[in-house]
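# A structural walkthrough
Take a look at the letters that make up each chain.
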Amino acid sequence: MLFSATLHSKNFRVTSAVGVAHSASHFFQLSIPPLFPLLRAEFDVSWTALGFIMTLFAIASSTTQFFVGILVDRIGARLVLLGGLFLVAGGTLACAWASSVWGFYVLAIWMGIGNGVIHPCDFAVLNANVEERRLGYAYAIHGVGGSIGWSLAPMTSYALSTHLGWRGALLWMGAGGLLLAGWMVSQRRFLNSETARQVASTGGQSQVAGHWLQWATLMCFVFLLLQAFASNSVAAFTPSLLQEGFAFSQALSTWVVTLFLWAAALGVLTGGVVAAHTKRHTQVAAGGLGVGALAAFSIYFIAAWPWLLLTCFALLGFATSIAGPSRDMVIRSIAPKGAAGRVYGFVYSGADIGVVLAPPIFGALIDNGIGRGAYLVVSVVLGLAILTVTSVGRRHRPSSVAA
């Protein structure tokens, strides 16, 4: 098996626990957007107002992520990660009792705070516990966990809302998340991470002063911002975009985005194999994003050919996700020992900022009847992301002493 190396004892237990946490995080990121058509009818609000739910979620997640990274390097990842999972699942459950869109705004902040712990904690745990030669596979499993969470969310949310309404859907998804968080408590012994104090006690040094201002770190931050702007927006808004811009039914739109997300999961697995067998991580990331940019550009023009449209969505998800494990290897190479939490926290806060910027833009495009143009925007943004990752490759030589 391609991933048999990761099924070895502690490596497997650590990687699987972190993958489940990442899957839960991504699931709850997309648990609400498929309900937007129902919420719009219930509360009589615009698409832009609904998009603001995700904006607040992302602002809270980004702000939390930056500071959580510092906290993880001080006290370790375990308690922080578990607390975040309970917050995001509990927030989803509470949304079932929201009486207006303002209730969703408040709870989106709550959920965003819980979501903000995931990336700093996950990567701190992986980097501290998984052997270096197996990290490419571990990053792939982590990434595919997120893709599985994304892919399950639209069809789960749609299926539950069809039979139980939007309140029933949120109630059951939130309750399931709390049960999952409870299971993660049983895996807590596999969620330790290396702290700056532990590095110092073994005679090492944690050199992080001014690291956030280094060129490679800043470019990784911008790369994550642009990639998340494109990929997360496609995942969150495609059901609404296809209904408003392409006149697809809600059911068909849901299955299109599910295809996109399952293709993304396959792309992450493929990217993990590639990352484990090459050192050309910047070239792999740039190539995947280039193919994705062409696929997004094509979607705008081929509404008359549904099967070709489906192919382009699958290619967009697959190609952009191949870049994921190689991207994480690049970030690892710039993280000093004992500082994985804060470096990943800072860099991945760029992803949340990308999510903050996208909903108002995509919501406005739908409100003004030009939703199809969103895919041209995605194509341009992916092109800009290529420039940032290739810039890191030119300026920075990967280190073998990353945290």
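### Observations regarding the overall build of the protein chain
On a plain count of helices and strands, the protein chain comes out with 14 helices and 0 strands. The secondary structure elements of the protein chain, listed N-terminal to C-terminal, are α-α-α-α-α-α-α-α-α-α-α-α-α-α. Here the protein chain holds 403 residues, and the buried ones make up 59% of them.

### Quick look at the pattern of salt bridges
Enumeration over the complete set of coordinates arrives at 1 salt bridge. Residue D328 is joined to R327 by a salt bridge in which the shortest nitrogen-to-oxygen separation is 3.2 Å.

### Topic: the side chain of S31
Considering the arrangement of structural elements, one finds S31 in the loop between α1 (9-29) and α2 (36-43). What makes S31 buried here is its relative accessible area of 0%. Sequence-distant contacts of S31, defined by excluding residues within four places in its chain, comprise T92, M111, A153, S157 and M173.

### Observations concerning a positive patch on the surface
On the surface, a cluster of positive charge is contributed by R13, R78, R188 and R189. Within the secondary structure, R78 is located in helix α4 (residues 78-95).

### What about the nonpolar core?
Among the nonpolar cores identified, the biggest contains 123 residues, and L39, I53, F104 and L170 are the most heavily contacted of them. Looking at this core element by element, the count peaks at 17 residues for helix α9 (residues 215-245). Not counting chain neighbours up to four residues away, the residues in contact with L39 comprise I32, D44, L50, F104 and W166.

### Some details on the packing of aromatic side chains
On inspection of all chains with the given rule, the structure shows 10 aromatic pairs. Taken together, a centroid distance of 5.6 Å and an interplanar angle of 50° make the contact between F104 and W166 tilted. Separated by 62 residues along the polypeptide, F104 in helix α5 (residues 101-115) and W166 in helix α7 (residues 135-186) bring together distant segments of the chain. For the pair F104 and W166, one class covers both residues: buried. These aromatic residues form a ring-pair network of at least three members: F43, F104 and W166.

### Focus: α5
In this model α5 runs 20 Å from its N-terminal to its C-terminal C-alpha over 15 residues, within 8% of the 21 Å that 1.5 Å per residue would give. Among the residues making up α5, those that are buried are V101, F104, Y105, L107, A108, M111, G112, G114 and N115.

### Looking at the confidence of the model for the protein chain
Taken over all residues, the pLDDT of the protein chain has a mean of 81, while the share at 70 or more is 87%. Throughout residues 199-209 the model reports pLDDT below 50, and contacts reaching past four residues in sequence, or to other chains, amount to 15 contacts. Across residues 397-403, where pLDDT falls below 50, the model places 17 contacts with residues more than four positions away in sequence or in other chains.

### So, the environment of L160
Structurally, L160 can be placed in helix α7. Given the relative accessible area of 23%, L160 is considered partly exposed. Distance from L160 to L170, taken between C-alpha atoms, is 8.4 Å for residues 10 residues apart in sequence.

### Some points on unusual backbone geometry
Positive phi values are uncommon outside glycine, yet D44 reaches one of about 55°. Looking at the element boundaries, D44 is found in the loop between α2 and α3 (47-75).

### Describing the packing of α3 against α5
Axis separation between α3 and α5 bottoms out at 7 Å; the angle between their running directions is 30°. With respect to each other, α3 and α5 are oriented roughly parallel. When the axes of α3 and α5 are compared, the crossing they make is right-handed. Contacts from A49, F52, I53, L56, F57, A60, S61 and T64 in α3 reach V101, F104, Y105, A108, I109, M111, G112, I113 and N115 in α5. Its residues assigned to classes, the contact of α3 with α5 shows 13 nonpolar, 4 polar and no charged.

What counts as what
- Residues numbered from 1 in each chain as written.
- Predicted model: local features only at pLDDT ≥ 70, side-chain atom pairs only at ≥ 80, totals over all residues.
- Heavy atoms only, no water.
- Helix = DSSP H or I, 4+ residues; strand = E, 2+ residues; numbered from the N terminus.
- Buried < 20%, exposed > 50% of the residue type's maximum accessible area, 1.4 Å probe, protein only.
- Salt bridge = Lys/Arg side-chain N within 4 Å of Asp/Glu carboxyl O.
- Contact = heavy atoms within 4.5 Å.
- Patch = residues over 30% accessible without salt bridge, like charges linked within 9 Å, V, L, I, M, F, W, Y side chains within 5 Å.
- Areas by Shrake-Rupley, 256 points an atom, 1.4 Å probe, with all protein chains shown as cover.
- Lys, Arg positive; Asp, Glu negative; His and termini not counted.
- Charge placed at Lys NZ, Arg CZ, Asp CG, Glu CD.
- Core = buried A, V, L, I, M, F, W, Y, C linked by side-chain atoms within 4.5 Å.
- Phe/Tyr/Trp six-rings, centres within 6.5 Å; stacked < 30°, edge-to-face > 60°.
- Expected span 1.5 Å × (residues − 1).
- pLDDT = per-residue confidence, 0-100.
- Axes fitted to C-alpha atoms, helices over the stretch in contact; angles between N-to-C directions.
- Parallel < 35°, antiparallel > 145°, perpendicular 65-115°, else oblique.
- Left-handed = near helix turned anticlockwise from the far one by under 90°.
- Nonpolar A, V, L, I, M, F, W, Y, C, P; charged D, E, K, R; others polar.

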